[in-house]
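Each chain, letter by letter, is given below.
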2 protein chains.
Amino acid sequence: MNTADHTVLRRFANGVHDHGRCVSGAMAKAELACAASGRRLTPLRRRVLELVWGSHLPVKAYDVLAILGQERAQAAPPTVYRALDFLQSVGLVHRIASLNAFVGCGEPQRGHVGQFLICTQCGAVAELADPALAQRVRRSAERLGFAVQRETIEVEGVCRSCRTSPVVLGPSP
Amino acid sequence: MNTADHTVLRRFANGVHDHGRCVSGAMAKAELACAASGRRLTPLRRRVLELVWGSHLPVKAYDVLAILGQERAQAAPPTVYRALDFLQSVGLVHRIASLNAFVGCGEPQRGHVGQFLICTQCGAVAELADPALAQRVRRSAERLGFAVQRETIEVEGVCRSCRTSPVVLGPSP
DNA sequence: GTTCATGTGTTACTACATAACAAATCTGGT
DNA sequence: ACCAGATTTGTTATGTAGTAACACATGAAC
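Residues numbered from 1 in each chain as written. Chains lettered and ligands numbered in written order. Predicted model: local features only at pLDDT ≥ 70, side-chain atom pairs only at ≥ 80, totals over all residues. Heavy atoms only, no water.

Q: It is not clear to me how the packing of aromatic side chains should be interpreted in this structure. Could you clarify?
A: The geometry of an aromatic ring pair comes down to the distance between the two centres and the angle between the two planes. Residue and element names in this part refer to chain A. Within the structure shown, the criterion is met by two aromatic pairs over all chains. Arranged with centres 6.3 Å apart and planes meeting at 65°, the rings of Tyr62 and Tyr81 form a pair that is edge-to-face. Taken together, the residues span a long stretch of sequence, with Tyr62 in helix α3 (residues 61-71) and Tyr81 in helix α4 (residues 77-90) at a distance of 19 residues. Taking the relative accessible area as the measure of exposure, Tyr62 reaches 48% and is therefore partly exposed. Accessibility expressed as a relative area gives 35% for Tyr81, which makes it partly exposed. Here the guanidinium or amino end of Arg45 rests over the ring plane of Phe86, the centre of that ring lying 3.7 Å away. (Phe/Tyr/Trp six-rings, centres within 6.5 Å; stacked < 30°, edge-to-face > 60°. Helix = DSSP H or I, 4+ residues; strand = E, 2+ residues; numbered from the N terminus. Buried < 20%, exposed > 50% of the residue type's maximum accessible area, 1.4 Å probe, protein only. Lys NZ or Arg CZ within 6 Å of the ring centre and 35° of its normal.)

Now the structure itself:
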């Protein structure tokens, strides 16, 4: 669609799409990623990952907990947070610090620099992987003698579809 | 000290320094910034700003509350959060999302792109203003049709002084 | 099949943040 | 000085996010 698409790890859910395919694709990649690293994708962890992939919106831990609680009698905060910690450690989900929420990762195999675009209109989150940008951050920090371990870039703004077809909340005065 | 120093809005508190001057300087700038924008720097807000500037480490809201509670009988969470909201709106403090903590801003008058270096060893936070980097982020987002409103860049790593004189927690085995 | 590591259940708690309304204080106009 | 409206602060209560600690269960490895 444009020249930078190869850097997009996770798209905005613009327009109608078969979200079931998003989910099943993500689950398949998750199986592979876990198998490759010898980690166990248990039923619980699998289910939590599915719930995080429930939409293209970031998902709150306690929302996951609420749904999980309907499905199994025993579900407490640690149940969810432990699963999320695991999924993060394998690179299957990311935590968005500015939202206290989680999103599924579209490309768990690739490096994770943590670049996110957050639409303030529809709430959807896209993930980028722009190595040049990451490199730019690294150099800027290293000029000050700072050794970078992890970069978090969270950009708020309005996504394309919300710009072209903005949500109207009521008649303008 | 190096060619990029003009981009440093807030330094790591490396080595001994007269922190009283940091604070008094910040308070003077705060008075100016508020006067310029017609906002009121009340005694309460002033005191909260001083407490945030208490060190070069990020400060938690409830730590501010604890100190404030010793000084005045009436101090509840809203007391602190309202003051912090005000100070943020004037650009006098920043919130570090990944830490749930606050730091004073070294240059309230200048644009605030929100670029932070967080040392995982000593906990100190530096603030940068690298317009080229901000521009790079903006362009990367705009290629996807995304209109940037606010950029948050929080980089974890090890600062220069912690690299050169690392904190030793015990004898190495 | 016993052992050890890993995963999950359970209870309790700590930390972070805001809603809603009441009281006090400041500001500008007369 | 006085009043009216706006802003700031006090107060109570509640909502939201995340973790500690320990018990129990399950899996893999020998």
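That was the structure; now back to the text.
Q: Got a minute to help me understand the protein's contact with DNA strand D in this structure?
A: The local shell around DNA strand D holds 19 residues, among which Tyr62 and Arg95 of chain A together with Thr42, Gln74 and Arg82 of chain B are the closest. Close to the protein, within 4 Å, the atoms of DNA strand D belong to sugar or phosphate groups at a rate of 56%. Interatomic distance of 2.5 Å between a side-chain N/O atom of Thr42 of chain B and a phosphate oxygen of DNA strand D. Side-chain polar atom of Arg82 of chain B to a base nitrogen of DNA strand D: 2.6 Å apart, as the coordinates give it. Every element with two or more residues in the surface near DNA strand D is listed here: α4 of chain A together with α2 (43-52) and α4 (77-90) of chain B. If you tally residues by element for the surface near DNA strand D, the top one is α4 of chain A, at four residues. (Near = heavy atom within 4 Å. Polar contact = N/O pair within 3.5 Å; in protein donor to acceptor, adjacent residues only side chain to side chain.)

Q: Explanation requested: the relation of the copies chain B and chain A in the structure shown.
A: A rotation about an axis combined with a shift along that same axis relates the two copies of the chain. You can overlay chain B on chain A at an RMSD of 0.1 Å; the transform is a turn of 180° with a shift of 0.0 Å along its axis. Such a turn and shift between the copies fits a two-fold axis. Within chain B, the C-alpha atom positioned nearest to the axis of rotation is that of Ile153 of chain B, 2.3 Å from it. Comparing interface residues between copies, 100% of those in chain B also lie at the interface in chain A; the contact surface is shared. (Least-squares fit on C-alpha atoms with pLDDT ≥ 70 in both. Contact = heavy atoms within 4.5 Å.)

Q: What's the story with the protein's contact with DNA strand C in this structure? I'm lost.
A: The local shell around DNA strand C holds 19 residues, among which Thr42, Gln74 and Arg82 of chain A together with Tyr62 and Arg95 of chain B are the closest. When atoms of DNA strand C within 4 Å of the protein are sorted by moiety, sugar and phosphate together comprise 54%. Between DNA strand C and Lys60 of chain B, the relevant distance is 2.9 Å, taken from a phosphate oxygen to a side-chain nitrogen or oxygen of the residue. Between DNA strand C and the protein, one listed contact pairs a base nitrogen with a side-chain N or O atom of Tyr62 of chain B at 2.8 Å. Put simply, the parts of the chain that give the surface near DNA strand C at least two residues each are α2 (43-52) and α4 of chain A together with α4 of chain B. When grouped by side-chain class, the residues that make up the surface near DNA strand C number seven nonpolar, four polar and eight charged. (Nonpolar A, V, L, I, M, F, W, Y, C, P; charged D, E, K, R; others polar.)

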